[in-house]
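# Reading the structure
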Amino acid sequence: SSADLTGDALSLSTTATLTKAGTVTGLNQTTGVARKTTSATSQYTLFDGDAYGNGSHKVYIKNTSAVATEYVTIEINSEQMGKLYAGDWAFFPWEANADTNDIKLQPSVATAFTVEYALFYE
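Heads up: these notes are all about the structure in this document. This one's a predicted model, so the numbers in the text were calculated from it and none came from an experiment.

With that settled, consider the overall build of the protein. On a plain count of helices and strands, the protein comes out with 1 helix and 9 strands. Starting at the N terminus and walking to the C terminus, you meet the elements of the protein as β-β-β-α-β-β-β-β-β-β. By its C-alpha atoms, the protein is 50 × 45 × 25 Å across when sized along the principal axes. Looking at the 122 residues of the protein, the share that counts as buried comes to 34%. Taking as baseline every contact in the protein between residues at least 6 positions apart, the subset at least 24 positions apart corresponds to 75%.

In structure tokens, the structure reads:
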């Protein structure tokens with residue numbers, strides 16, 4: 001239920017097939033859900049664009065921090081995509097068609113900082 005949306009009980013359910021490029025065939029490869037903990041503000045490569053090639057890949061990233069001011073910056077091909085603050089997550093398509101299309105993360109703090117991630121790919 002939601003006090004600000006509706007007084008009625010909510011029950012939501014949905015499914016989606018994450019498809020390969022130009023098809024209705026579902027993606028069948030995954031890194032699985034994993035976590036990475038760092039203790040520096042250095043940028044690091046989460047996914048190497050050269051390792052996955054062309055395709056209709058899907059990326060999930062979550063900032064597991066509970067501290068409101070802690071964030072992780074996401075960068076693709078030297079372009080800042082955005083920041084995920086405490087509890088935020090992102091799910092987006094990614095075409096890793098070149099070595100320069102790496103997905104890089106940079107934590108905002110030099111203390112134990114954990115992100116959860118997964119890649120669904122062709």
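The next point concerns the pairing of strand E9 (residues 113-121). Along a regular strand, successive side chains alternate from one face of the sheet to the other. With 8 of 9 residues buried, E9 lies mostly within the body of the structure. Inspection of the sheet shows strand E1 (residues 29-30) paired to E9 by 2 bridges, in the antiparallel sense. Note that in E9 the partner of threonine 30 across the bridge is phenylalanine 120. Pairing analysis gives 5 bridges linking strand E2 (residues 34-38) to E9, with the strands arranged antiparallel. Among the inter-strand pairings, threonine 38 is bridged to a residue of E9, identified as phenylalanine 113. Pairing of strand E4 (residues 57-63) with E9, which is carried by 6 bridges, proceeds in the antiparallel orientation. Opposite lysine 58, over in E9, you have phenylalanine 120 as the bridge partner.

Let us look at the nonpolar core. Grouped together as the largest cluster of nonpolar side chains are 21 residues, with contacts concentrated most on Phe47, Val59, Ile61, Trp94, Ile103 and Leu105. At the level of secondary structure, the elements contributing two or more residues to this core comprise strand E3 (44-47), E4, strand E5 (71-76), strand E7 (89-94), strand E8 (103-107) and E9. Per-element tally for this core: the top contributor is E9, with 5 residues. Setting aside its immediate chain neighbours within four residues, isoleucine 103 contacts Tyr44, Thr45, Leu46, Phe47, Val59, Ile61, Ile74, Glu75, Ile76, Phe92 and Trp94.

Once that is clear, we can look at the sheet that holds E8. In space, the 4 strands of this open sheet follow the order E3-E8-E5-E6, with antiparallel pairing throughout. Single-partner strands in this sheet number two, and they are E3 and strand E6 (79-85). Each strand axis lies, on average, 30° off the axis of its neighbour in the sheet, ignoring direction. In this sheet, E6 lies alongside E5 in antiparallel orientation, the contact comprising 6 bridges. Directly across from tyrosine 71, in E6, lies its bridge partner tyrosine 85.

Tracing the backbone through its elements, the reader meets threonine 38 in strand E2. Overall, the relative accessible area of 15% leaves threonine 38 in the buried class. Excluding residues within four positions of it along the chain, threonine 38 makes contact with Tyr44, Pro107, Thr111, Ala112 and Phe113.

Calculation rules
Residues numbered from 1 in each chain as written. Predicted model: local features only at pLDDT ≥ 70, side-chain atom pairs only at ≥ 80, totals over all residues. Heavy atoms only, no water. Helix = DSSP H or I, 4+ residues; strand = E, 2+ residues; numbered from the N terminus. Buried < 20%, exposed > 50% of the residue type's maximum accessible area, 1.4 Å probe, protein only. Contact = heavy atoms within 4.5 Å. Pairing = 2+ DSSP bridges. Core = buried A, V, L, I, M, F, W, Y, C linked by side-chain atoms within 4.5 Å. Axes fitted to C-alpha atoms, helices over the stretch in contact; angles between N-to-C directions.

Function cannot be inferred from these measures alone, as they are strictly geometric.
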